[in-house]
Amino acid sequence: MQYMLLIYGDETSLMDASPEDQATGAQAWVDYTQWLKDEGGHVAGDALHPTASATTLRFDADGKTLTTDGPFAETKEQLGGYYLLECDDLDQAIAAASRMPLRGGSVEIRPVAQFDAEGKPRMP
Amino acid sequence: MVDRLFREERGRAVATLIRILGDFDLAEDAVQEAFVQALRTWPERGLPDNPGAWITTTARNRAIDRLRRDRSLREKTETMTQLAELERLGGDETDVSAIPDDRLRLIFTCCHPALAMDARVALTLKTLGGLTTAEIARAFLVAETTMAQRLVRAKRKIRSAAIPYRVPPPELLPERTPGVLAVLYLVFNEGYAATSGPLVRLELCDEAIRLARIVAALMPDEPEAPGLLALMLLQHSRRETRVSASGVLVLLEDQDRARWDHDMIDEGLATLDRVLELRRPGSYQIQAAIAALHARAPRPEDTDWPQIAALYERLAERSPSPVIELNRAVAVAMADGPERGLPLVEAQAAQLDDYHLFHSARAELLRRLGRNDEALLAYRRALELSTNESVRAFLEHRIAELTG
């Protein structure tokens, strides 16, 4: 069973941090990722550039697109990164997520949907 | 009769079948079919010696039929494993003690923090309690379709997010147990706060007590479980006297103590005494100790108010809240006089201005101090804020006394 951990936080507070704090912060994430790889069911994970670098495509009802600058929605907390984990159940995913070196922000845990070869949803 | 007995006993069968089948609906359907069979055969042939075992065995057989009939399931290895395990449950209808009691897993799953509070309550009452969707909807004043939707969504989330079906491991228990007890207490309070409502509300109290009994029995190392049970028993023992025949709220000091349920009080006190010996206090135990001091007083004037005030203080140290401070202030007023309690009550004004009990407590103390004009204003404010009919009738009474 795979879970996507979507990490949301206030990106301005991150960018305002002192270089020393940024360095300790980065090291904490490196350590955390290593722990995930050792015993947390790590499948994948990345940090994202700030929303200032985002581009959003909007689709109309006919499928035509409009390309715009900026994130999908202006929110107080922005998606800053993700991990993809392989876990036995939700409690394991919660336990792994709760070790993140976050001070403020939130993590949304979403089970990854699975489909068989014919595209039918497979229930766990 | 069949209905009541079945409800008492069905939880174990549901819990065990969910463990084996991993499917709430299939398990509940099988138990429902067993109920239909019980309705047909019990009145005719008499009650089985061990109804719990009968229900588990019969529901197990219905589940086996279902798995064998269903073509899409029949060939799966998962189904084979499930069938084998169902068959291992034991074939006779006499012994249920050999089957592990899975109800604790069930309640921890139903009360998982990843489910919304209203979903936890509904799911617990439906699966473990055996209330129908219609009954739960009525008790929480929502449409039956809304409640059905809530249950469907909760079960779907348990499945799609893989909320585990288990008692949490020891390191998680301290974090998860309070959540289970909170659900039970919420069910109880929902029944307790609306005494004048239809009977189904009283049924919520009974159901909460029944579930608390199960949890307390299954978690012998958790002192707060019997603490909560004792608290509920002691509060529920006063159910017949809390509202007058004409539907008006009756204050604790005016209740006819002879009509308190003394068997229930005895059980509550004994439960509390046993758990206090463990010397691992918690909020429910302290609240039960407060309720016990009321229960032990033969007359209102015998109440040990200084001790009650001290217990509220300990409660406030554990979980500070303006409502606890309000209760402590009232206890101080009863112990040392209204002039000592009133400033403590009024100290909570900023936090509790929207809370009817703040205004009625303040009004009561002002009335006792002879400050009738101020008391009248406070009673009127309390009346504005309260929705319960019995409470409103009481407040209107007080207002009439002061204006008359």
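Going along each chain's sequence as written, the residues are numbered from 1 onward. Lettering for chains starts from A, numbering for ligands starts from 1, and both go in the order in which the items are written. Local features in a predicted model are, by the rule used here, given only for residues with pLDDT of at least 70; side-chain atom pairs are given and counted only at 80 or more, and totals for whole chains, interfaces and linings are based on all residues.

As a further point, take the overall build of chain B. The helix and strand tally for chain B stands at 21 helices and zero strands. Overall, chain B is about 80 × 45 × 40 Å in size when its C-alpha atoms are taken along their principal axes. For chain B, the proportion of its 404 residues judged to be buried stands at 41%. Within chain B, counting contacts between residues at least 6 apart in sequence, those at least 24 apart form 61% of the total. Secondary structure elements are defined from DSSP: runs of H or I of at least 4 residues count as helices, runs of E of at least 2 residues count as strands, and each element is numbered from the N terminus. Our exposure labels follow a C-beta count within 10 Å of each residue's own C-beta, placed from the backbone: buried means 20 or more other C-beta atoms, exposed means 12 or fewer, and partly exposed covers the counts in between. We call two residues in contact if the C-beta atoms placed from their backbones are at most 7 Å apart.

Each helix and strand counted, chain A has three helices and eight strands in total. Across chain A, helices and strands are ordered from the amino to the carboxyl terminus as β-α-α-β-β-β-β-α-β-β-β. In terms of its C-alpha atoms, chain A occupies a principal-axis envelope of roughly 50 × 40 × 20 Å. The 124 residues of chain A split such that 11% are buried.

Quite often, the size of an interface is put as the accessible area lost when its parts meet. Taken together, the seven residues of chain A in the interface contact seven residues of chain B. In the side of chain A that touches chain B, the residues fall into five nonpolar, no polar and two charged. Note on residue categories: nonpolar means Ala, Val, Leu, Ile, Met, Phe, Trp, Tyr, Cys or Pro, charged means Asp, Glu, Lys or Arg, and polar means any other residue, Gly included.

Moving on, we come to helix α3 (residues 51–69) of chain B. Residues and elements named next belong to chain B. Compared with the 27 Å implied by 1.5 Å per residue over 19 residues, the 27 Å span of α3 between its first and last C-alpha is a close match. Every buried residue belonging to α3 is among Gly 52, Ala 53, Trp 54, Ile 55, Thr 56, Thr 57, Thr 58, Ala 59, Arg 60, Arg 62, Ala 63 and Leu 67, and all of these are buried. For α3, the secondary structure elements touched by its buried residues are α1 (2–21), α2 (24–45), α4 (71–74) and α5 (77–88). Residue count minus one, scaled by 1.5 Å, sets the expected span of a helix.

Taken over all residues, the pLDDT of chain A has a mean of 92, while the share at 70 or more is 98%. pLDDT measures how confident the predictor is about each residue, on a scale from 0 to 100. Taken element by element, the predicted model of chain A shows its lowest mean pLDDT in strand β8 (residues 121–122) of chain A (78) and its highest in strand β6 (residues 106–111) of chain A (98).

Bringing the pairing of strand β4 (residues 65–69) of chain A into the picture now. Residue and element names in this part refer to chain A. The buried count for β4 comes to zero of five residues, which makes it a mostly uncovered element. Should DSSP find at least two bridges between two strands, the strands are taken to pair. In terms of strand pairing, strand β3 (residues 55–59) meets β4 through five bridges, oriented antiparallel. Residue pairing across strands places Thr 56 opposite Thr 68, the latter belonging to β4. Turn length for the β3-β4 hairpin, with the two strands adjacent in sequence and antiparallel, is five residues, and the turn residue Gly 63 shows positive phi of about 90°.

Residue and element names in this part refer to chain B. All axes are obtained by fitting lines to C-alpha atoms, using only the stretch in contact for helices, and the reported angles, taken between N-to-C directions, cover 0 to 180 degrees. Relative to each other, helix α12 (residues 224–236) and helix α14 (residues 283–296) sit at 30°, their axes nearing to 8 Å. When the axes of α12 and α14 are compared, the pair comes out roughly parallel. You can see that α12 and α14 cross each other, and the crossing is left-handed. Contact with α12, carried on its side by Glu 224, Gly 227, Leu 228, Ala 230, Leu 231, Leu 234 and Gln 235, involves Tyr 284, Gln 285, Gln 287, Ala 288, Ala 291, Ala 292 and Ala 295 of α14 and no other residues of that element. Relative orientations are named as follows: roughly parallel for angles under 35 degrees, roughly antiparallel for angles over 145 degrees, roughly perpendicular for angles from 65 to 115 degrees, and oblique for any other angle. By definition, any crossing whose near helix is turned counterclockwise from its far helix by less than a right angle is left-handed, and any crossing with a clockwise turn is right-handed.

Here we come to the pairing of strand β5 (residues 78–86) of chain A. Residue and element names in this part refer to chain A. Strand direction decides the pairing type here: strand β1 (residues 2–9) and β5, joined by eight bridges, are antiparallel. Within β5, the position partnered with Leu 6 by the bridge is Tyr 82. Bridge count for strand β2 (residues 42–47) against β5 is five bridges, and the pairing is antiparallel. In the strand pairing of β5, Ala 44 is matched with Leu 84.

A few words on the sheet that holds β5(A). Residues and elements named next belong to chain A. What the four strands build is an open sheet, ordered β2-β5-β1-β6; its pairing is antiparallel. Both outer strands of the open sheet, β2 and β6, are each paired with one neighbouring strand and no more. Strand-to-strand twist of the sheet, defined as the mean angle between neighbouring strand axes without regard to direction, takes the value 20°. Contacting β2 and β5, helix α2 (residues 19–40) runs over the sheet at an angle of about 165° to β2.

Before going further, it helps to spend a moment on the packing of helix α15 (residues 305–318) of chain B against helix α16 (residues 322–336) of chain B. Residues and elements named next belong to chain B. The contact between α15 and α16 brings their axes to 8 Å, and the two run at 160°. Classified by the angle their axes make, α15 and α16 are roughly antiparallel. The element α15 and its partner α16 pack so that their crossing is left-handed. Residue-level inspection shows Trp 305, Pro 306, Ile 308, Ala 309, Tyr 312, Glu 313, Leu 315 and Ala 316 of α15 in contact with α16, the latter providing Ile 324, Glu 325, Asn 327, Arg 328, Ala 331, Val 332, Met 334 and Ala 335. The residue makeup of the contact of α15 with α16, split by class, is 12 nonpolar, one polar and three charged.

All names here are of chain B. Its location among the elements puts Leu 21 in helix α1. Sequence separation of Leu 21 and Leu 181 is 160 residues, and the distance between their C-alpha atoms is 27 Å. If we ignore the near neighbours within four places in the chain, the residues touching Leu 21 are Leu 26, Ala 27, Ala 63 and Gln 82.

Turning to the environment of B:Ala289, a few remarks are in order. Residues and elements named next belong to chain B. In this structure, Ala 289 sits in helix α14. Sequence-wise, Ala 289 and His 356 are 67 residues apart; in three dimensions their C-alpha atoms are separated by 25 Å. When sequence neighbours within four positions are dropped, the list of residues in contact with Ala 289 reads Leu 272 and Leu 311.

Quick look at the nonpolar core now. Residues and elements named next belong to chain B. One nonpolar core equals one set of buried Ala, Val, Leu, Ile, Met, Phe, Trp, Tyr and Cys residues connected by C-beta atoms within 7 Å. Counting residues in each nonpolar core, the largest one holds 118 residues, and the members touching the most others are Leu 17, Val 31, Leu 184, Ala 208 and Ala 212. Tallying contributions element by element places helix α11 (residues 200–218) first for this core, with nine residues. Once you skip the residues sitting within four places of it in the chain, Leu 184 turns out to touch Ala 208, Leu 211, Ala 212, Val 215 and Leu 228.

All names here are of chain B. Spanning 14 residues, helix α20 (residues 372–385) covers 20 Å between terminal C-alpha atoms, matching the ideal 20 Å at 1.5 Å per step. Looking at α20, one finds that the buried residues are Ala 375, Ala 378, Tyr 379 and Ala 382. For α20, the arc enclosing every buried residue in end-on projection is 105°, short of the 170-degree limit, so these residues lie on one face. Exposed side of α20, more than 90 degrees from the buried face: Asp 373 and Glu 384 are the residues found there. Residues of α20 that are buried make contact with α19 (356–368) and α21 (389–403). Directions are taken from the helix axis to each C-beta atom, and the arc is the one they span.

A positive phi angle, near 55°, is found at B:Leu141, a position not held by glycine. C-beta crowding within 10 Å serves as the criterion here: with 9 such atoms nearby, B:Leu141 is assigned to the exposed category.

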